[in-house]
Amino acid sequence: MTAPLLDPSAALFLDFDGTMAPLQSDPDTVFLPEGGAEILLRTAENLHGALVILSGRDIRDLASRIPDGLWRAGGHGAYVCPPGHAPPGELPEAPENLVAEISALIEEIPGVRMESKGPVLAVHYREIPEAAGPLEAGLTTLLEAFPEYTLQSGKMVMEARPASAHKGKCVRELMKQAPFSGRAPIMVGDDTTDEDAMRASLDFGGTAIKVGAGATAAPYRLADPAAVWDWLKRGLT
């Protein structure tokens, strides 16, 4: 179903990778498109500031790619920067023994690499998609010894993240405070990591938009990041 025009009374939550920009094999090469920062700032102004970029990226990395005039939530919402605030210089790191065990696991699977995002460890297998099964089995078994961590599957990535790092929880917490409180939330995302936030938005009487193909709780869908930008620009007219 086609996404409705963005209402000025909404609170907008936007994923970054795969939603604001196409996925890349190297996450360091992903940036907002030309003119994207201006569109986001104008949209935020129309929403009286109620716009958040909600990403699984390290908040420090996310903040380097998003204007500081916007709300930014990194680490699956574990770390939130209001407009004008810089991210923390340091974040807690994942336990050393967890890092070591995942490193040993992926050494046995050529083409798989681990990315440290503060307390979150992302295991990328885009170059070897057939590794998904054994990788998930190995990580699931490994994390049984780390009850404070959970395994989150995404597009060609699996993340060992603290159970407290949860996009749905982030939406629920932000909806209790200004400038979000009293508005209808809209979550826009492309991956399974966004589904918790989509369900939270629906619970608050808002809606959600799925970007691309795949099963989803979202009632609406946009084809790709280019369609997301077209949707945002239509809301400015």
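Residues numbered from 1 in each chain as written. Predicted model: local features only at pLDDT ≥ 70, side-chain atom pairs only at ≥ 80, totals over all residues. Heavy atoms only, no water.

### Observations regarding the packing of helix α3 (residues 96-107) against helix α4 (residues 132-143)
Now for step 1: Taken N-terminus to C-terminus, the directions of α3 and α4 make an angle of 155°; their axes are 11 Å apart at the nearest point. Classed by the angle they form, the pair α3 and α4 counts as roughly antiparallel. The element α3 and its partner α4 pack so that their crossing is right-handed. Contacts between α3 and α4 involve L98, E101, I102, L105 and I106 from the first element and L135, G138, L139, L142 and L143 from the second.
Now for step 2: Taken together, the residues that form the contact of α3 with α4 break down as eight nonpolar, one polar and one charged. (Axes fitted to C-alpha atoms, helices over the stretch in contact; angles between N-to-C directions. Helix = DSSP H or I, 4+ residues; strand = E, 2+ residues; numbered from the N terminus. Parallel < 35°, antiparallel > 145°, perpendicular 65-115°, else oblique. Left-handed = near helix turned anticlockwise from the far one by under 90°. Contact = heavy atoms within 4.5 Å. Nonpolar A, V, L, I, M, F, W, Y, C, P; charged D, E, K, R; others polar.)

### Some remarks on the sheet that holds strand β7 (residues 149-154)
Now for step 1: Spatially, four strands are ordered β5-β6-β8-β7 in an open sheet, and the strand pairing comes out antiparallel. Edge positions in the sheet fall to β5 (113-117) and β7, since each of these pairs with one other strand and no more. The mean angle between the axes of side-by-side strands here comes to 20°, regardless of whether they run parallel or antiparallel.
Now for step 2: Pairing of β7 with strand β8 (residues 157-162), which is carried by six bridges, proceeds in the antiparallel orientation. If you follow G154 over to β8, its bridge partner there is V157. (Pairing = 2+ DSSP bridges.)

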